[in-house]
Amino acid sequence: MTQEGIEKALLRGLAQNDRKAVETIYRENYNMVQALIINNNGSADDAKDIFQEAMIVLYEKARSGNFELNCQIKTYVYSVSRRLWLKKLQQASRYGEIGDTDNVVPVEEDVEDHEKKNLEFEMMEKAIGSLGEPCKSLLEAFYLQKKNMQEIAGSFGYTNAENAKTQKYKCLMRLKKIFFTHYKNGNGDE
Amino acid sequence: MNDNNEIMILDAVERYIRGEMNPDERLYFENLRKTNPAIDQLVVEHTLFLQQMNQFGERRNFKTALQEVHTGLSEQGKIHADKLNGKARVVYLWKRYRRVAAIAASIAGITTIALSSLVWSISPKPIKGDIEKLSRDLFVQQVKTDLLQNDLDKVKKKNSKADADKTIEYKTAATGFLIDGKGLMITNAHVVKNSRNIRVFNVKGQQFNAFVVKLDVLRDVAIIKIDDSKFKSVAALPYGIAKSSTDIAEPIFTLGFPRDEIVYGEGYMSARTGYKGDTLSCQIAVPANPGNSGGPVFNHKGEVIGILSARQTQAEEAVFAIQSKYIFNAVDEIKKNDEYRNVKVSTRSTLTGMNKVEQVKKIQDYVFMVKGD
């Protein structure tokens, strides 16, 4: 396979949650990003956070379906990590400049998109977190783990699926209310 | 309505979104959706919500996977990260064991995720007919008016010696909004392209003379400038103009002058492209009437995301807006002229996080009725 073919296959694998593909991309790029962060006032923990963040950007792009990478995965991951780290440095008002500019592609928009998704993720996390039990587990079982109502009724101790459904409906209304209040006010805490 | 009924409706909406309805049921539901705006709104809102849920779940699983890969690779010495020592490893293995069930279950869910995203790709049925520009024609019988105007002009010439405010016979009325503090304003090109005299009115009823700076008939964007000593420039506008495009189902609102009074409208973004797939514009679902043309479309943060421009004649709720990035294109054009070189259009909104009432209060002073002859 050509280099390009390999990269495409890797991205396809990533989009399908193929563990092998995730591992390969991780293995081939981690040290590079860690060197970047450590050489620019960061710790190994920072490196891990930034690199995983960049992996999420790549993952969500790959999953979006209409994504075509017009550079190497390496270049893209490096560029995103670099941008993310620069932003972090600037937020902490530390000295924010990274000397090298070769082999960097423009990723500002991708990073901005990612930040918006981060906000949405946090919004949902907060909303689900504030639900309390059994609502939290009930909704997670149905919407995230995709269990059906019979199973849920069984494992949560409802007498039948209808009862579970009514309870799920009440929980869902609460979650939607919390979520959309934040959502419509643009995350609420700015 | 009682709870049972609502549970049934939501259940139907979920099955519809997931593509679990049989063709007959689906057809019935789609008809219901067309005739009942409340159901339609629920579908859009719930689709958005489920998407957010799915993305949340996907990302959370991926984060877990990344942690595991990280630990695995550093254990094997394949990356140079700090290795976990004894105690941390035990904790890690314990967590990993607990996670297995969740991950296995989520893999089964991926097919469902794929299905739900299919809903977006249902293509709109081609609707014959046209779109109408939403500026109000104040005089339908133009010929007659023109004749009348000639007479009027003659009369006026006689009496106009001390008349600073000349009377204009307006033919169109629409909406416009400021894009800088010095009186530059955006409206639709179709509103002002045939006008010799333009006058704008604010919510307080004050009127100002304006002239056309730039006409882009193709994109239907016009920049006009208030040129009137009565106009006091403002330091900064409360809203910014968005550079990026907006997501489907995002809540939006509009302000405009379908009547002689400013009118607020609320809706959501329905499609990223406009009439017949036009990429300059986007489709929004909001009540709009002649006179709304040229008005700003805001997202929840109070950023202008578009200029309301036209409506499909057959479908009252299908309204089109020109994407806000073309405002920047038009501004870049006029910057080539020395006089406008320093024009700055802000992308920053100071309205983020406020409720609608406060937002509208702050915005309305900068939205004008635009009249042309």
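S.K.: Quick rundown of the overall build of chain B? Include the residues and the values.
M.R.: Assigned secondary structure in chain B consists of 8 helices and 15 strands. For chain B, the residues scored as buried account for 47% of the 373 residues in total. For chain B, long-range pairs separated by at least 24 residues make up 67% of all intrachain contacts whose partners lie at least 6 apart in sequence. For chain B, the accessible area works out to roughly 19600 Å², and carbon and sulfur atoms hold 52% of it.

S.K.: Quick one: what's the story with the state of the cysteines, residue by residue and with numbers?
M.R.: Residues and elements named next belong to chain A. For the structure shown, the criterion picks out 1 disulfide over all chains. Here Cys 135 connects covalently by a disulfide to Cys 171, the sulfurs 2.1 Å from one another. Across the S-S bond of Cys 135 and Cys 171 the torsion is about -75°, and the bridge reads as left-handed. Separated by 36 residues along the polypeptide, Cys 135 in helix H6 (residues 135-144) and Cys 171 in helix H8 (residues 161-184) bring together distant segments of the chain. In this structure Cys 171 comes out as buried when scored by relative accessible area, which is 0%.

S.K.: Before we move on, could you go through the interface of chain B and chain A and cite the residues and values that matter?
M.R.: Contacts between the two partners involve 49 residues from chain B, matched on the other side by 49 residues from chain A. Summed over both partners, the interface of chain B with chain A buries about 4900 Å², with 63% contributed by carbon and sulfur atoms. When residues of chain B are sorted by the area they lose upon contact with chain A, Phe56(B), Arg59(B) and Phe62(B) head the list and together hold 16% of the total. Across the pair Lys165(A) and Asp11(B) runs a salt bridge whose closest N-O atoms are separated by 3.6 Å.

S.K.: How would you explain the confidence of the model for chain B if you had to name every residue and give the values?
M.R.: Residues and elements named next belong to chain B. Mean pLDDT for chain B: 76, with 74% of residues reaching 70 or above. Looking across chain B, the model is least confident in helix H4 (residues 86-118), with a mean pLDDT of 48, and most confident in strand E4 (residues 184-187), with 94. Confidence drops under pLDDT 50 across residues 139-145; counting only partners more than four residues distant or on other chains, this segment forms 5 contacts. Every residue in residues 155-166 is under pLDDT 50, and counting partners more than four places away or in other chains gives 4 contacts.

S.K.: Just give me the short version of the pairing of E4(B), but keep the residues and values in it.
M.R.: A regular strand places its side chains on the two faces of the sheet in alternate fashion. Residue and element names in this part refer to chain B. The alternating pattern of E4 places Leu 184 and Ile 186 on one face and Met 185 and Thr 187 on the opposite face, and all of these are buried. Where strand E3 (residues 172-178) hands over to E4, the hairpin turn is made up of 5 residues, of which Gly 183 adopts a positive phi near 105°. When E4 meets strand E7 (residues 221-226), the two strands line up antiparallel, connected through 4 bridges. Along E7, the bridge assignment pairs Ile 186 with Ile 223.

S.K.: Account for the packing of helix H2 (residues 19-39) of chain A against helix H3 (residues 37-75) of chain B, with residues named and values stated.
M.R.: Any two packed helices are characterised by the angle at which their axes cross and by the distance between the axes. Relative to each other, H2(A) and H3(B) sit at 60°, their axes nearing to 10 Å. By the angle between their directions, the pair H2(A) and H3(B) is classed as oblique. You can see that H2(A) and H3(B) cross each other, and the crossing is right-handed. Contacts between H2(A) and H3(B) involve Arg19(A), Val22(A), Glu23(A), Tyr26(A), Arg27(A) and Tyr30(A) from the first element and Phe62(B), Ala65(B), Leu66(B), Glu68(B), Val69(B), His70(B) and Leu73(B) from the second. Tallied by class, the residues present in the contact of H2(A) with H3(B) amount to 8 nonpolar, 1 polar and 4 charged.

S.K.: Residue-level account of the nonpolar core, with values.
M.R.: By size, the foremost hydrophobic cluster in this structure holds 50 residues, and its most contacted members are Phe177(B), Leu178(B), Ile179(B), Val200(B), Tyr239(B) and Ile327(B). At 6 residues, helix H7 (residues 325-335) of chain B tops the list of elements feeding residues into this core.

S.K.: Pulling in residues and values, what's your account of the environment of Glu60(A)?
M.R.: Among the structural elements, Glu60(A) can be located in helix H3 (residues 44-63). The exposure class of Glu60(A) is buried, given its relative accessible area of 13%. Separated by 45 residues in sequence, Glu60(A) and Ala15(A) place their C-alpha atoms 7.7 Å apart. Excluding anything up to four places from it in sequence, Glu60(A) contacts His114(A), Lys117(A) and Arg59(B).

S.K.: An account of the packing of aromatic side chains is needed here, citing residue identities and associated values.
M.R.: In the structure shown here, the tally under the stated rule is 16 aromatic pairs over all chains. Each ring, one from Phe142(A) and one from Tyr143(A), has its centre 4.8 Å from the other, and the planes form 85°; the classification is edge-to-face. Take Phe142(A) and Tyr143(A): they sit in the same class, and that class is buried. When the ring of Phe180(A) is compared with that of Phe49(B), the centres are 6.2 Å apart and the planes differ by 40°; the resulting orientation is tilted. Highlighted residues: Phe180(A) in helix H8 and Phe49(B) in helix H3, drawn from two different chains. Of the two residues, Phe180(A) and Phe49(B), both sit in the buried class. Every member of this aromatic cluster is reached through a ring pair, and the members are Tyr239(B), Phe253(B), Tyr264(B), Phe298(B) and Tyr366(B). The ring of Phe142(A) carries Lys168(A) above its face, with NZ or CZ at 4.2 Å from the centroid. The ring of Phe328(B) has Lys243(B) sitting right over it, with the charged end atom 4.8 Å from the ring centre.

Analysis parameters
Residues numbered from 1 in each chain as written. Chains lettered and ligands numbered in written order. Predicted model: local features only at pLDDT ≥ 70, side-chain atom pairs only at ≥ 80, totals over all residues. Heavy atoms only, no water. Helix = DSSP H or I, 4+ residues; strand = E, 2+ residues; numbered from the N terminus. Buried < 20%, exposed > 50% of the residue type's maximum accessible area, 1.4 Å probe, protein only. Contact = heavy atoms within 4.5 Å. Areas by Shrake-Rupley, 256 points an atom, 1.4 Å probe, with all protein chains shown as cover. Disulfide = S-S within 2.5 Å. Buried area = accessible area lost by both parts, 1.4 Å probe. Salt bridge = Lys/Arg side-chain N within 4 Å of Asp/Glu carboxyl O. pLDDT = per-residue confidence, 0-100. Pairing = 2+ DSSP bridges. Axes fitted to C-alpha atoms, helices over the stretch in contact; angles between N-to-C directions. Parallel < 35°, antiparallel > 145°, perpendicular 65-115°, else oblique. Left-handed = near helix turned anticlockwise from the far one by under 90°. Nonpolar A, V, L, I, M, F, W, Y, C, P; charged D, E, K, R; others polar. Core = buried A, V, L, I, M, F, W, Y, C linked by side-chain atoms within 4.5 Å. Phe/Tyr/Trp six-rings, centres within 6.5 Å; stacked < 30°, edge-to-face > 60°. Lys NZ or Arg CZ within 6 Å of the ring centre and 35° of its normal.

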